[in-house]
Amino acid sequence: MPDINRRSFLKLAGAATSAVLFPRLDSSLKQGDASFPNIIVLLFDAMSARNLSVYGYPRSTASNLERFAEHATVYHSHSAGGNYTIPGTASLLTGTYPWTHRAINYGGQVKSNMVEDNIFHALGKDYHRLAFGQNVWAQFILTQFMADIDTFLPSSTFGELDYLLSKYFPKDQNMAARALDDFVFKMEREPASMVFGPLHRMLYFRDSTKLKPKGYPRGLPQNVNYPLYFRLEDVFDGLASLLQDLSSPFFTYIHLFPPHAPYRASDKFYSKFLDGWSPVKKPVHRLGDGLSDLVIKTERRYYDEYLASLDWEFGRLLDAMEDAGIFENSYVVITSDHGEMFERGEKAHATVLLYDPVVHIPLIISAPGQKVRSDVYAPTHAVDVLPTLLQVAGKPVPSWCEGRLLPGLGGVEDMERSHFIVEAKSTPAFQPFKKATIAMQKGNYKLIYYMGYEPDDTFELYDLHADIEELDDLYPAQPAIARRMKEELLDSLFDSNKPYMK
Amino acid sequence: MTGYILSITEKIPKLEEIAPVYAVIVMMIYPWTLTRYFWKLSSWILFASVGDLAAFFAYMVVVNLLESILILLVPLAMSIVLPGKWFYDRFKTRSVALVLFGLGYLIYLNKNLHADSPFPLTLVRWIPMALVVVLLLVFLVDQVGFLRRVLDELANRLTIFLYISIPVSVIALLVVLIRNII
């Protein structure tokens with residue numbers, strides 16, 4: 001009898017799970033219309049383009065993404081819709097800006113009359129539509145679209161240990177996740193449930209101490225606010241099995257939690273970047289957390305090492321996909337929901353700041369059979385992904401969509417086009433914006449508007465072409481450009497606020 | 001066999017005795033979660049509809065309902081298992097004391113179970129000892145007439161809240177069931 005190691009077992013388990021979870025695939029998809037290309041969206045949560053070597057970062061964090069990019073279109077100035085999961089994911093999946101879909105708060109939701117305005121619905125039943133939200137907050141958004149998703153994989157799929165409860169409520173997953181996983185049994189502060197809460201935590205703690213963090217010197221990757229541990233290799237083995245088992249045409253939206261904090265590099269990359277390299281020093285922002293340089297520098301190194309670990313696993317997935325011939329008939333989209341920042345006294349992305357590292361995300365798209373690399377430098381935005389994917393799927397672009405076709409995939413480079421990034425977590429979703437940070441990018445210029453913060457509303461203007469580090473605020477020095485962009489931003493904001501004004 | 005079953009049923013306290021005990025349980029468990037519900041409300045109202053808030057409430061109340069029933073089973077089981085003189089004969093007083101001390105300890109435990117702090121392993125290891133202390137206190141309190149009367153009176157007065165909590169719990173249970181069936 002051949003030896004079955006842990007990895008082989010997981011692959012077998014993944015294949016078996018696929019067979020059980022997707023019984024319809026065998027019957028319906030294998031008979032599907034082969035004229036539709038497959039579409040795979042692989043989203044890495046909190047992945048900043050600024051920390052990826054494929055975008056010029058000096059540390060070698062993404063050699064496999066570089067390999068992938070050799071046969072793909074690389075978008076060099078791609079922005080997220082917001083600076084954390086809820087608005088970023090909602091913008092990607094609805095093709096609308098946060099001030100339109102209104103998923104702007106922690107744990108927020110796409111507004112109820114827009115729930116059908118999503119990519120799954122727009123693609124329609126010609127596709128088998130699969131969604132996996134490893135980040136629980138991504139699951140909040142995805143479960144709003146359950147009516148249009150054929151196969152939904154809960155956050156715990158491919159996990160090592162989880163005590164999430166919503167998966168036991170398949171017919172009411174959205175509400176169960178928000179009420180139970182995000183409230184009654186949330187892993188923060190004291191439990192909201194007096195009896196089951198401590199029991200839940202004790203059992204989770206008991207099981208988590210039994211986990212062997214072998215290969216992860218900083219501990220196993222986990223979602224800290226929810227009871228979920230996973231191993232990168234298990235997740236990618238599971239994905240490889242899953243993608244090989246799907247039959248055409250399919251659309252998969254895979255929202256992976258890493259490289260979101262906590263940054264748990266594997267032993268291959270642990271301490272890899274103790275290299276003495278330092279990024280450009282930037283002044284502490286008045287709205288930042290005021291963290292010390294040492295803390296920020298250390299966190300950046302941990303993040304980079306986690307990125308490299310993730311990239312290594314992505315390389316294995318890439319090999320598996322190449323071996324399975326998936327690239328021949330599939331669009332493969334690599335992107336993120338938002339970035340991560342380690343500067344100006346701030347780390348990660350729970351911030352009101354919208355500087356480049358926290359909003360500049362990767363977008364690399366491989367078209368079926370693409371053999372050469374293509375580079376696009378014009379600004380693009382997360383809202384552009386939906387119309388582009390609909391276009392390549394031969395579907396009409398709906399009128400509610402606020403994005404444009406991406407250059408190289410039906411669209412043209414337009415340096416004069418404006419797009420917006422919105423941070424408004426403390427604004428009620430049903431009211432006009434009163435306190436928010438809004439960034440507008442137009443060509444090389446980026447205007448940032450801090451609205452409702454003490455002592456006054458302020459603006460900053462940067463030339464991203466000449467000053468990608470955003471150190472030289474041109475707002476006072478370039479009054480003509482500043483005025484023009486300010487007017488456009490305020491007009492757009494006014495229009496978005498109109499439906500909520502009394 | 002019949003005699004055995006009869007001896008068990010005979011040791012199940014009357015409803016008039018169970019209700020005050022359940023009222024005490026309800027009045028400790030439900031408000032604990034309810035205060036956290038109102039604490040979260042300030043962030044929920046930024047985006048949640050009234051329907052969402054009601055559904056959150058329904059799930060929360062169903063969890064509380066299950067918790068309260070589970071806790072009630074403890075004194076009921078003790079009444080059945082232990083000799084009648086130990087528990088059944090003084091069911092109300094001893095159950096109320098047990099619930100107050102037991103849930104009081106759970107509150108203490110909960111207060112130290114912050115997910116963002118190191119797990120309080122020592123505290124958990126002391127749980128068996130804490131349970132022994134709780135049981136000792138239950139029997140000691142029952143020896144003091146004044147305390148006994150206070151506990152009985154407290155339990156009786158709290159019973160009125162069952163007229164609110166039981167219907168609300170039943171409605172919440174129906175809401176959760178319907179949401180998960182349809």
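Criteria and cut-off values
Residues numbered from 1 in each chain as written. Chains lettered and ligands numbered in written order. Predicted model: local features only at pLDDT ≥ 70, side-chain atom pairs only at ≥ 80, totals over all residues. Heavy atoms only, no water. Helix = DSSP H or I, 4+ residues; strand = E, 2+ residues; numbered from the N terminus. Rg over C-alpha atoms; globule rule 2.2 N^0.38 Å. Contact = heavy atoms within 4.5 Å. Areas by Shrake-Rupley, 256 points an atom, 1.4 Å probe, with all protein chains shown as cover. Lys, Arg positive; Asp, Glu negative; His and termini not counted. Charge placed at Lys NZ, Arg CZ, Asp CG, Glu CD. Buried < 20%, exposed > 50% of the residue type's maximum accessible area, 1.4 Å probe, protein only. Axes fitted to C-alpha atoms, helices over the stretch in contact; angles between N-to-C directions. Parallel < 35°, antiparallel > 145°, perpendicular 65-115°, else oblique. Left-handed = near helix turned anticlockwise from the far one by under 90°. Nonpolar A, V, L, I, M, F, W, Y, C, P; charged D, E, K, R; others polar. Expected span 1.5 Å × (residues − 1). Phe/Tyr/Trp six-rings, centres within 6.5 Å; stacked < 30°, edge-to-face > 60°. Pairing = 2+ DSSP bridges. Salt bridge = Lys/Arg side-chain N within 4 Å of Asp/Glu carboxyl O.

Chemist: Honestly, the overall build of chain A in this entry has me stumped. Any pointers?
Modeler: Along the backbone of chain A there are 14 helices and 19 strands. Since a compact globule built from 502 residues should have a radius of gyration of about 23 Å, the 22 Å found for chain A is in line with a globular shape. Residue pairs in contact within chain A that sit at least 24 positions apart in sequence constitute 71% of those at least 6 positions apart. Carbon together with sulfur atoms contributes 54% to the accessible area of chain A, which is approximately 18400 Å² in total. On chain A, the mean spot of the 51 positive side-chain charges and the mean spot of the 62 negative ones are 4 Å from each other.

Chemist: Would you explain the overall build of chain B in this entry?
Modeler: Check the secondary structure of chain B and you find eight helices and zero strands. Sequence-ordered secondary structure for chain B, helices as α and strands as β, is α-α-α-α-α-α-α-α. Based on the C-alpha atoms only, the size of chain B along its principal axes is roughly 55 × 40 × 35 Å. Split into buried and exposed, the 182 residues of chain B put 42% on the buried side.

Chemist: Looking at this model, I keep getting lost on the packing of helix α10 (residues 232–245) of chain A against helix α11 (residues 293–323) of chain A. Mind explaining?
Modeler: The relative placement of two packed helices comes down to the angle between their axes together with the axis-to-axis distance. All names here are of chain A. At a minimum axis distance of 9 Å, the contact between α10 and α11 shows a crossing angle of 25°. One element, α10, and the other, α11, form an angle in the roughly parallel class. Crossing handedness for the pair α10 and α11: right-handed. Touching L232, E233, F236, D237, L239, A240, L243 and Q244 of α10 are Y306, S309, L310, E313, F314, R316, L317, A320 and M321, all from α11. Considering only residue class, the contact of α10 with α11 consists of 11 nonpolar, two polar and four charged.

Chemist: What is the right way to read helix α9 (residues 196–210) of chain A from this model?
Modeler: In an α-helix, one turn spans 3.6 residues, which is why side chains three or four residues apart end up on the same side. A rise of 1.5 Å per residue sets the reference length of α9(A), with its 15 residues, at 21 Å; its end C-alpha atoms lie 21 Å apart and thus fit the reference within 8%. For α9(A), the set of buried residues is A:G197, A:P198, A:H200, A:R201, A:M202, A:Y204, A:D207 and A:S208.

Chemist: Even after reading the chapter, I still don't get the packing of aromatic side chains, so can you show me in this structure?
Modeler: Aromatic ring pairs are defined here through the distance separating the ring centres and the angle between the ring planes. Throughout the structure, instances matching the rule amount to 35 aromatic pairs over all chains. Summarising the aromatic geometry, the rings of A:F183 and B:W44 are spaced 5.0 Å apart at their centres and angled 85° between planes, so their arrangement reads as edge-to-face. Of this pair, A:F183 sits in helix α8 (residues 173–184) while B:W44 sits in helix α2 (residues 15–44), each in a different chain. Exposure remark for B:W44: the relative accessible area of 3% places this residue in the buried category.

Chemist: Help me understand the pairing of strand β1 (residues 38–44) of chain A in this model?
Modeler: Regular strands have side chains that alternate between both faces of the sheet. Residues and elements named next belong to chain A. For β1, a buried count of seven out of seven residues is recorded, marking the element as mostly surrounded by other parts of the structure. Here six bridges tie β1 to strand β10 (residues 330–335), and the two strands are oriented parallel to one another. Looking at the pairing, I39 lines up with Y331 of β10. In this structure, β1 lies alongside strand β9 (residues 250–256), joined through six bridges in parallel fashion. Across the sheet, I40 pairs through a bridge with T252, a residue of β9.

Chemist: Can you walk me through the pattern of salt bridges in this structure?
Modeler: Side chains carrying opposite charge are able to pair once their charged atoms draw close together. Taken as a whole and judged by the stated rule, the model has 40 salt bridges over all chains. Note that A:R417 is salt-bridged to A:D384, the shortest N-O span being 2.7 Å. In this pair, A:R417 sits in the loop between α13 (385–392) and β16 (418–423) while A:D384 sits in the loop between β15 (380–381) and α13, placing the two residues 33 residues apart along the sequence. Here the two residues A:R417 and A:D384 agree in accessibility, since each one is buried. The shortest N-O distance in the salt bridge between B:R157 and B:E153 comes to 3.0 Å. Here B:R157 and its partner B:E153 are both found in helix α7 (residues 145–158), four residues apart, which amounts to about one turn of the helix. Relative accessible area serves as the criterion here: at 61%, B:R157 is assigned to the exposed category. Shared partners join several salt bridges into a network, and the residues in it are A:R50, A:K282, A:E343, A:R344, A:D356 and A:E469.

Worth remembering: the numbers are spatial, not functional.
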